[in-house]
Amino acid sequence: MHDHYSKDGVGLSITGIHALQLFTLPVGYTKRWVNEFLGDPPPMRARELSRAYDVPHLAWTESRPTVREQGMRLTKSYGLKTFAGPWGTRLAHPVEALVAAAPYLSQWRLTACLDALLSGELQIPEFTPQPAMTKDDMTAAISLLPARNPAVIALKRALVNAAEPVWSPMETLVRRMVVTQDFPEPTLNHPVMIEGNLAYPDLSWPELRLGIEYNGGIHLLDRRTYGTEMNRIRTFQDHGWDLNILVLDDLEDPRLRWNWLQWLAERLNRGPQSASRSTVMPRLPRPSSSDER
């Protein structure tokens, strides 16, 4: 591969899953229950995701190079801007790489990648971080791609669901679960000043002092992180906030999922704002014992 990068005029860039990994975007597998709950179709080539990790995917721009090595995928680039990557390589534009990877990724994963691009600097190993992209940037890039391509269509749909600021793919998932159930759109990582310090609930409805936090594995595995998080939650509660702390089981288990969605429905219908459109209780689907985990 490096020999090809070294040749003048070849114009190869890394694209697809590997480019997204080098941009530190949250690509990965999606469990069946996620697509079913969100009402999203499964990715066209979901079963081939593991193989996609093993096969380098390169895009060519001018002339197609002659490649003797096996186990490599070459596709034509759409000509979007490329970025300098590690080891003297070039990385395809994140939008172009997302289109190349879209057949393997769920709508949640595509949206999480777009959320990350909107919410923070573009991180490339060995290089100074690039400024975050905007929705206008992404829309302009997508406009240069074949409009009828199914992968482009999938990315356009994900962009409609993208939001900022989002700091983890699980925040994206919880937000999409909430919005899918017709709850009002939450505010994301809203700054709250408590005792002279800023805190940021993952999802919140600030006017009600209501919020949802998702705690991943690091909160359990790292003692200091766990202690800091528990103290932060107590501080919120001491100042009148009603927080629900979710872990992975709360999302995956149908009955636990039902419980916190019911909790949210009750909270959004209490108080003086219960008559407004933003607090209408949705009709939640009852869990079934046959639900996939």
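Each remark here, short or long, concerns the structure printed above.
On a predicted model such as this, the values are computed, not experimentally measured, just so you know. Per chain, residues are indexed from 1 in the order of the written sequence. Two thresholds apply to this predicted model, a pLDDT of at least 70 for residue-level local features and 80 or more for giving and counting side-chain atom pairs, whereas whole-chain, interface and lining totals are computed over all residues. Here the side-chain values reflect all heavy atoms present in the structure, with hydrogen atoms and water set aside.

Nonpolar side chains in soluble globular proteins tend to be buried together. The nonpolar core is taken to be a set of buried Ala, Val, Leu, Ile, Met, Phe, Trp, Tyr and Cys residues, with the residues joined through side-chain atoms within 4.5 Å. Each residue is assigned to one of three classes by its accessible area relative to the maximum for its type, calculated with a 1.4 Å probe on protein chains only: buried under 20%, partly exposed between the two thresholds, exposed over 50%. In terms of nonpolar packing, the biggest core is built from 45 residues, with Val95 and Leu114 touching the most fellow members. Where helices and strands are cited, they refer to DSSP runs of H or I of at least four residues and of E of at least two residues respectively, numbered from the N terminus. Among the elements of the structure, β1 (12–14), α2 (16–22), α4 (49–54), β2 (57–60), α5 (94–101), α6 (107–119), α7 (135–142) and α8 (150–161) are those that each provide at least two residues to this core. For this core, the element with the highest residue contribution is α8, accounting for six residues. Residues in contact with valine 95, not counting those within four places in the same chain, are Leu80, Met133, Met138, Ala141, Ile142, Leu145 and Leu155. Residue contacts follow a heavy-atom distance rule, with two residues in contact if any of their heavy atoms lie within 4.5 Å.

In this analysis, strands are considered paired if DSSP registers two or more bridges between them. Spatially, four strands are ordered β6-β9-β10-β11 in an open sheet, and the strand pairing comes out mixed. The sheet is open, and its two borders are formed by β6 (187–188) and β11 (242–246), each paired with just one other strand. Inspection of the sheet shows strand β9 (residues 203–205) paired to strand β10 (residues 210–214) by three bridges, in the antiparallel sense. Residue pairing for β10: leucine 203 is matched across the bridge by isoleucine 212. Where helix α9 (residues 169–180) meets the sheet, it contacts β6, β9, β10 and β11, and its direction lies at approximately 40° from that of β9. Lines fitted to C-alpha atoms define the axes, with helix axes restricted to the stretch in contact, and inter-axis angles between N-to-C directions lie between 0 and 180 degrees. In the packing of helix α13 (residues 254–267) onto the sheet, contacts are made with β9, β10 and β11, and the angle to β10 comes to roughly 160°.

By convention, a stacked pair of Phe, Tyr or Trp rings (six-membered ring in the case of Trp) has centres within 6.5 Å and planes under 30 degrees apart, an edge-to-face pair has planes over 60 apart, and any other such pair is tilted. Counted by the stated rule, this structure contains three aromatic pairs. Consider the rings of phenylalanine 236 and tryptophan 241, whose centres lie 5.5 Å apart with planes at 75°: the pair is edge-to-face. Judged by relative accessible area, which is 1%, phenylalanine 236 ranks as buried. Placement of a charge over a ring requires the Lys NZ or Arg CZ to be within 6 Å of the ring centre, with the centre-to-atom vector within 35 degrees of the ring normal. The side chain of lysine 76 reaches across the aromatic face of tryptophan 60, ending 5.0 Å from its centre.

On to the pattern of salt bridges, then. Here, a salt bridge means any side-chain nitrogen of Lys or Arg that lies within 4 Å of a carboxyl oxygen of Asp or Glu. Tallying each qualifying case throughout the model produces eight salt bridges. Arginine 32 is the salt-bridge partner of glutamate 36, the closest N and O atoms lying 2.7 Å from each other. Of the two residues, glutamate 36 and arginine 32 both sit in helix α3 (residues 32–38), four residues apart, roughly one turn of that helix. Owing to a relative accessible area of 43%, glutamate 36 belongs among the partly exposed residues under this scheme.

It is worth stressing that arrangement in space is one thing and function is another; only the former is reported here.
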